[in-house]
Amino acid sequence: MAEDIENVNIGMTQADIDAFLDIVRTARIMQSYLNDETIHGVANVMTPMLKLLNGVASTDFVDVLERSMQDPGMDRALMNPPKVGMYGALREMGDEDFQKGLGIAIEFLKALGRASEDIGD
């Protein structure tokens, strides 16, 4: 029977066997590393991240941000950032898109400020 097993060709090379053994060794390391304390620590890190992701995903913020990142003007600005001083910013105040973006930024900062009041309580 041992001869039959030796003659079976399953198409694995030595590199395949080594890779499989590496996977088994890694699984053993992970098994010894994962305990209740580690899992609790990972959960403590992931919970706020998932809450934040859920909050962002439940708004139009992601869609607006994605569209803004795909704007050709943004590509040009990333490749060659314009230098804008105080007078340039004042000049942009007449642009409707700038006004909308500034309005969103201001509302975001105000909401961030309101939310920070709850932290101290």
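Residues numbered from 1 in each chain as written. Predicted model: local features only at pLDDT ≥ 70, side-chain atom pairs only at ≥ 80, totals over all residues. Heavy atoms only, no water.

Let's talk about the overall build of the protein
Phase 1 of the analysis: Each helix and strand counted, the protein has seven helices and zero strands in total.
Phase 2 of the analysis: For the protein, the α and β elements follow one another from N to C terminus as α-α-α-α-α-α-α.
Phase 3 of the analysis: Relative to its 121 residues, the protein shows a buried fraction of 2%.
Phase 4 of the analysis: Element-wise, carbon and sulfur atoms account for 62% of the exposed surface of the protein, whose accessible area totals about 11,200 Å².
Phase 5 of the analysis: Of note, the protein has its 10 positive side-chain charges centred 12 Å away from the centre of its 21 negative side-chain charges. (Helix = DSSP H or I, 4+ residues; strand = E, 2+ residues; numbered from the N terminus. Buried < 20%, exposed > 50% of the residue type's maximum accessible area, 1.4 Å probe, protein only. Areas by Shrake-Rupley, 256 points an atom, 1.4 Å probe, with all protein chains shown as cover. Lys, Arg positive; Asp, Glu negative; His and termini not counted. Charge placed at Lys NZ, Arg CZ, Asp CG, Glu CD.)

Let's talk about the environment of Glu96
Phase 1 of the analysis: In this fold, Glu96 is placed in helix H7 (residues 96–117).
Phase 2 of the analysis: Glu96 sits in the exposed class, given a relative accessible area of 52%.

A few points about the confidence of the model for the protein
Phase 1 of the analysis: With 91% of its residues at a pLDDT of 70 or more, the protein has an overall mean of 85.
Phase 2 of the analysis: Highest mean pLDDT in the protein belongs to helix H6 (residues 86–92) (92); lowest belongs to helix H1 (residues 2–7) (52). (pLDDT = per-residue confidence, 0-100.)

Brief notes about a negative patch on the surface
Phase 1 of the analysis: A cluster of acidic residues, Asp71, Asp75, Glu92, Asp95 and Asp97, forms a negative patch at the surface.
Phase 2 of the analysis: Considering the arrangement of structural elements, one finds Glu92 in helix H6. (Patch = residues over 30% accessible without salt bridge, like charges linked within 9 Å, V, L, I, M, F, W, Y side chains within 5 Å. Salt bridge = Lys/Arg side-chain N within 4 Å of Asp/Glu carboxyl O.)

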